[in-house]
Amino acid sequence: MSITSQSAVVRRLIVSPGSAPRNPSRITASAAGVSAVLRAFGRAPEDLPARTVVLVGAATVDAGLRPEHEGFTVGTERTPARALRRAHRELHQGTADLVLVAGFGEPDPQTITVYAVKRAAEAVADGDAVLGVLDVTAPADEDTPPPLRPLPQPARATDPDRHRLVLWSGRNSEDEQRVRGELLPMLDGLHREIFPALPTAVPCGTAPGPVRGAAVAVSALAARAVHQARTSDASRPRPVVLLFPGQGSQHARMAAGLYRAEPVFTAAVDAALSHMGDEGHRVRADWLDPARATIAIDDVRRAQPLLFAIDYALGRLVLSWGVRPAAFLGHSAGELVAATFAGVVSLRDAARMVLARVREAVKIPEGGMLAVAASEEQLLPHLSGDVGIAAVNANQQVMLAGSKEPLTEVAARLKADGHTVVTVPATSPFHSPAMAPASDAVEIAYRDIPLREPKLPFYSGYTGTIMSGEQACSPRFWARQITDTVHFRDALDELLAADDVLLVEAGPRQTLTAFARRHRSIRLGAGAVAPLLPARPGTPEADRQSVLTAAARIWTEGHDLDLNAVARLWTWGEERAESTEDHPARARAEAQPA
């Protein structure tokens, strides 16, 4: 059974309710007790997800306990077992993102056992230490607690022809040369079957030094790769900033080489798509098997939901290595991914926002987008009809968008005037006046979405500057993104003016990487950029190799990585065949188009 259908207990703690009224035999559930539950794990209530629900399992409930407490929904059940089962239902019905289950009077009459329960896929994607998954299918009555089962663990992969990462370091150049000199003979005479099991970094058991080297190789080429690798001075690491691309970057089976080959990426994709219901199952089926796809990848119904899931999963993958980004910047639809990481919106609600965009976009007459090697000023005289400036990505890198016929006419005039014009893979005229009806409809849908001020720095491509709390909490701001110009160049200018950073593109095709490499700061070496995925479609092994190369770049920059997490890219289980048992909607996906 897929873990997307399961709920995981990620924290469990016994607390005292403090000043809560006490019953001589058993504690009574009260408002003071719920306040203790909200603070049980050392987080302020305002740091909890907006859709946090407290479920009280107690034999007696104080009459003063209300259905809402400190801004959070409170529900009651007569036993903790019933509360745990209800937590599972609420998580998978989408009414909660986190459930705090409070067993009043457990394990003794005057204490509370608090369980933090999340959807299992999200828990894995978030890097939570999962205590176990609730087995609500086990035969038992409602008052018997559902047993906790361990997460299934795949068999270890031992393929020496898989690329892996080899890291080494030294206190200075001479020490690095000594370490490398000890490493090379070991790799040269190593039995190839042992290669995947080697330690990720040498020397083992000591803190990495400031002079670092890294190689990504298969067994047969490892010694040569280590010998030829250049070293870096990692004494002053630049902060990492994650970039998330939008529509136009998609391609068939993008990042599919990581799916089922890395647990955090896999769980994050499944978590994102699970919030899209049966449509998410259809998106996933078309992604993994393009030959049987019901809808083409460039159609907005596939491109935007899948890009959201892939961008989100790649960001989660980087965070699982222990990297803590200093800021986020998304392009077009990628801005919703950035908003998710910055704490503006939950994963569930961001997925709802994506689907709302798609639902309204398909009602707009067919259109498209063009990339033109020119400045915004050069293009303005050529615009007509509903064709507008869709994005200003870099100097002499502008995108146009509009309805099909006007856009075709504008393209013909531009080519006749000698401009280089390239069609962007898109079937909807995003970021043009043609999308105004969709923007108005989406704004109404977004009014029901809980939006918060960013908790982390978040640069907006629509304002060209850092996101304000007022903008982040405005449904109108998010709805206007469908029609407004993307000022990626301006946002990148401001971001790179604030600090020298390492930009990491979490998405396919290296589109934003190409724009960033044209920036003066990057060309002068003050900043740097590292893409996670290959520039063009390739093999599953090419996906893994590219991600490992990015991990090597982050490490040689001076960021210490969780080496066990990185090693999962070559030690986590082999790919297995997809089955309808894992995703029962597969049959429906094949039978009925979206």
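Whatever comes next refers back to the structure up there.
This structure is a prediction, so every number in the text was calculated from the model and none was measured. Per chain, the residues get numbers from 1 upward, laid out in the order the sequence is written. Local features in a predicted model are, by the rule used here, given only for residues with pLDDT of at least 70; side-chain atom pairs are given and counted only at 80 or more, and totals for whole chains, interfaces and linings are based on all residues. Side-chain numbers come from the whole structure's heavy atoms, not from hydrogens or water.

1. Thoughts on helix α7 (residues 277–288)
Part 1: When the terminal C-alpha atoms of α7 are compared, their 17 Å separation across 12 residues agrees well with the 16 Å that a helix rising 1.5 Å per residue should span.
Part 2: In terms of burial, α7 is a largely internal element, nine of the 12 residues being buried. Each helix is a run of H or I in the DSSP string that is no shorter than four residues. Each strand is a run of E no shorter than two, and both are numbered from the N terminus. Take the residue count of a helix, subtract one, and multiply by 1.5 Å to get its expected span. Burial here depends on accessible area, computed with a 1.4 Å probe over protein chains only, as a share of the maximum for the residue type. Under 20% is buried, over 50% is exposed, and the range in between is partly exposed.

2. Things to note about the side chain of His-331
Part 1: In this fold, His-331 is placed in the loop between β14 (327–330) and α9 (334–341).
Part 2: Each polar contact in these results corresponds to two N or O atoms within 3.5 Å; when the atoms are within protein, one needs to be able to donate a hydrogen and the other to accept it, and residues that are neighboring in sequence are counted only if both atoms are side-chain atoms. Side-chain polar atoms of His-331 contact the side chain of Asn-393, separated by 2.7 Å.
Part 3: Setting aside anything within four residues of it in sequence, one finds His-331 in contact with Phe-244, Pro-245, Gly-246, Ala-391, Asn-393, Val-486, Phe-488 and Leu-512. Note on contacts: a residue pair is in contact if any heavy atoms of the two residues lie within 4.5 Å.

3. A closer look at the environment of Val-61
Part 1: Of note, Val-61 is situated in the loop between β2 (52–57) and β3 (68–69).
Part 2: Considering only alpha carbons, one finds Val-61 and Ile-27, 34 residues apart in sequence, at a separation of 9.1 Å.
Part 3: Those residues in contact with Val-61 that sit more than four places away from it in its chain are Thr-28, Ala-29 and Thr-76.

4. Examining the pairing of strand β11 (residues 211–217)
Part 1: Of all seven residues in β11, six are buried, a share of seventy percent or more.
Part 2: Two strands pair when backbone bridges link them, and strand β9 (residues 164–170) and β11 are joined in this way by seven bridges, in the antiparallel orientation. Its bridge partner lying in β11, Leu-167 is registered against Ala-214.
Part 3: Bridging between β11 and strand β12 (residues 231–233) involves three bridges; their strand directions are antiparallel. Pairing of Arg-212 across the sheet is with Ser-232, part of β12. The pairing criterion is simple: DSSP has to find at least two bridges between the two strands.

5. So, the pattern of salt bridges
Part 1: Salt bridges are defined by distance alone: a side-chain nitrogen of Lys or Arg within 4 Å of a carboxyl oxygen of Asp or Glu. Applying the stated rule across the entire model yields 38 salt bridges.
Part 2: Between Glu-279 and Arg-302 there is a salt bridge, with its nearest N and O atoms 3.0 Å apart. In this pair, Glu-279 is assigned in helix α7 and Arg-302 in helix α8 (residues 300–320), connecting sequence segments 23 residues apart. Each member of the pair, Glu-279 as well as Arg-302, carries the same accessibility label: buried.
Part 3: Between Glu-360 and Arg-359 there is a salt bridge, with its nearest N and O atoms 3.6 Å apart.
Part 4: Accessibility expressed as a relative area gives 43% for Arg-359, which makes it partly exposed.

6. Observations concerning the nonpolar core
Part 1: The biggest cluster of nonpolar side chains holds 146 residues, and the ones touching the most others in it are Leu-100, Phe-265, Trp-287, Phe-308, Trp-321, Trp-478 and Leu-503.
Part 2: Broken down by element, the residue count for this core peaks at 12 residues, all from α8.
Part 3: Excluding its chain neighbours within four sequence positions, the residues that come into contact with Phe-265 are Ala-255, Leu-258, Tyr-259, Trp-287, Ile-310, Ala-313 and Leu-314. Nonpolar cores are built from buried Ala, Val, Leu, Ile, Met, Phe, Trp, Tyr and Cys residues. Side-chain atoms within 4.5 Å join them into one set.

7. Section: unusual backbone geometry
Part 1: In this chain, Glu-106 is followed by Pro-107 through a cis amide linkage whose omega measures 0°.
Part 2: Residue position: Pro-107 is located in the loop between β5 (98–104) and β6 (112–119).
Part 3: Looking along the chain, the bond that leaves Val-202 and enters Pro-203 is cis, with omega of 0°.
Part 4: Of note, Pro-203 is situated in the loop between β10 (201–202) and β11.
Part 5: Unusually for a residue other than glycine, Ser-332 sits at a positive phi of about 55°.
Part 6: The class for Ser-332 is buried, based on a relative accessible area of 6%.
Part 7: In this structure, His-431 takes a positive phi of about 65° despite not being glycine.
Part 8: Tracing the backbone shows His-431 in the loop between β18 (421–424) and α13 (436–446).

8. Let's talk about the sheet that holds β18
Part 1: Within the open sheet, the four strands sit side by side as β16-β17-β15-β18. Their pairing is antiparallel. Either end of the sheet is taken by a strand with one partner, and the two such strands are β16 (388–394) and β18. Taking the axes of each pair of neighbouring strands and ignoring which way they run, one obtains an average angle of 25° across the sheet.
Part 2: Pairing of β16 with strand β17 (residues 397–403), which is carried by five bridges, proceeds in the antiparallel orientation. Axis definition: a line fitted to C-alpha atoms, limited for helices to the stretch in contact. Angles are taken between N-to-C directions and run from 0 to 180 degrees.

9. Here we look at the packing of aromatic side chains
Part 1: A pair of aromatic rings is counted whenever rings of Phe, Tyr or Trp (Trp by its six-membered ring) have centres within 6.5 Å, and the orientation is called stacked for planes under 30 degrees apart, edge-to-face for over 60 and tilted otherwise. The tally for this structure, following the rule as stated, stands at nine aromatic pairs.
Part 2: Ring centres of Phe-477 and Trp-478 lie 5.5 Å apart, and the angle between their planes is 85°; on these two criteria the pair is classed as edge-to-face. Each member of the pair, Phe-477 as well as Trp-478, carries the same accessibility label: buried.
Part 3: Geometry around Phe-195 places Arg-164 over its ring, the cationic atom sitting 5.4 Å from the centre.
Part 4: A cation sits over an aromatic face here: Arg-212 above Trp-555, 4.6 Å from the ring centre. A ring is scored as having a charge over it whenever the NZ atom of a lysine or the CZ atom of an arginine sits within 6 Å of its centre and within 35 degrees of its normal.

10. Examining helix α19 (residues 540–557)
Part 1: The end-to-end C-alpha distance of α19 is 26 Å, a good match for the 26 Å that 18 residues give at a rise of 1.5 Å each.
Part 2: In terms of burial, α19 is largely enclosed, as 13 of its 18 residues are buried.
Part 3: Residue Gly-558 follows α19 closely and has a positive phi angle near 120°.

11. Side note on the sheet that holds strand β21 (residues 502–505)
Two pairing modes exist for strands in a sheet, parallel and antiparallel, and in both the strands are linked by backbone hydrogen bonds.
Part 1: Taking strand neighbours across the sheet as the criterion, the six strands line up as β20-β19-β14-β13-β21-β22 in an open arrangement whose pairing is mixed. Every interior strand has two partners, whereas the edge strands, β20 (465–466) and β22 (528–531), have only one.
Part 2: With four bridges connecting them, strand β13 (residues 240–244) and β14 associate as parallel partners. Bridging across to β14, Val-241 finds its partner in Ala-327.

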